[in-house]
Amino acid sequence: MSTTKARDDQPFDFNLNSVKVEKTLRPFRFVFGPNNERWEMAHRETLDKIPLLEAYEQGGEAAGTLLSLRTAMGEDQWERFRKLGLRGEQLTKLTQAYDKFCGTDEGESEGSTGS
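Since the structure is predicted, the reported quantities are computational estimates derived from the model, not experimental observations.

Enquirer: So what's going on with the overall build of the chain? Which residues, and what values?
Expert: Looking only at helices and strands, one finds three helices and two strands in the chain. Counting from the amino terminus, the chain carries its helices and strands in the arrangement β-β-α-α-α. For the chain, buried positions account for 22% of its 115 residues. Across the chain, contacts joining residues at least 24 apart in sequence account for 56% of those joining residues at least 6 apart. Within the structure as shown, the chain displays about 8800 Å² of accessible surface, and the carbon and sulfur contribution to it stands at 50%.

Enquirer: So what's going on with a nonpolar patch on the surface? Which residues, and what values?
Expert: On the surface, a nonpolar cluster with roughly 350 Å² of combined accessible area is contributed by Phe14, Leu16 and Val19. Locating Val19 in the fold gives a position in the segment before strand 1 (28-32).

Enquirer: Talk me through the pairing of strand 1; I want residue IDs and the actual numbers.
Expert: Along strand 1, the buried face is formed by Phe28, Phe30 and Phe32; none of Arg29 and Val31, which line the opposite face, is buried. Strand direction decides the pairing type here: strand 1 and strand 2 (residues 37-41), joined by five bridges, are antiparallel. The residue bridging Phe32 from the neighbouring strand is Glu37, located in strand 2. Hairpin geometry of strand 1 and strand 2 is characterised by an intervening segment of four residues between the two adjacent antiparallel strands and by a positive phi of about 110° at Gly33.

Enquirer: Now, about unusual backbone geometry: what can you tell me, with residues and values included?
Expert: Residues other than glycine seldom take positive phi values, yet Asn36 does so here, at roughly 50°. When you line up the elements, Asn36 lands in the loop between strand 1 and strand 2.

Quick notes on the rules
Residues numbered from 1 in each chain as written. Predicted model: local features only at pLDDT ≥ 70, side-chain atom pairs only at ≥ 80, totals over all residues. Heavy atoms only, no water. Helix = DSSP H or I, 4+ residues; strand = E, 2+ residues; numbered from the N terminus. Buried < 20%, exposed > 50% of the residue type's maximum accessible area, 1.4 Å probe, protein only. Contact = heavy atoms within 4.5 Å. Areas by Shrake-Rupley, 256 points an atom, 1.4 Å probe, with all protein chains shown as cover. Patch = residues over 30% accessible without salt bridge, like charges linked within 9 Å, V, L, I, M, F, W, Y side chains within 5 Å. Salt bridge = Lys/Arg side-chain N within 4 Å of Asp/Glu carboxyl O. Pairing = 2+ DSSP bridges.

Here is the structure:
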């Protein structure tokens, strides 16, 4: 792999700037907690994948899932949310609903290529 910078007048093979998402990217909303508090998670397609992939690579699925939820919720919401606690079945159902909403195949992790 070359580390030299290509000149601007050279042809390129792909324009990543041209990639557009053709679906609605509204946030995923759910209710949870003793007071039925409303929570919001950014659509998965809007999240920066690089840190999520690095978390999966360095810490496995649990680290990737944790960072994915934290990033999608944002720090302020995340701090309040984590104080409530989350049981295993609740986490499973939340991630399944979020996956379905975002159009991610069930069981497909952030690190998956989807192929």
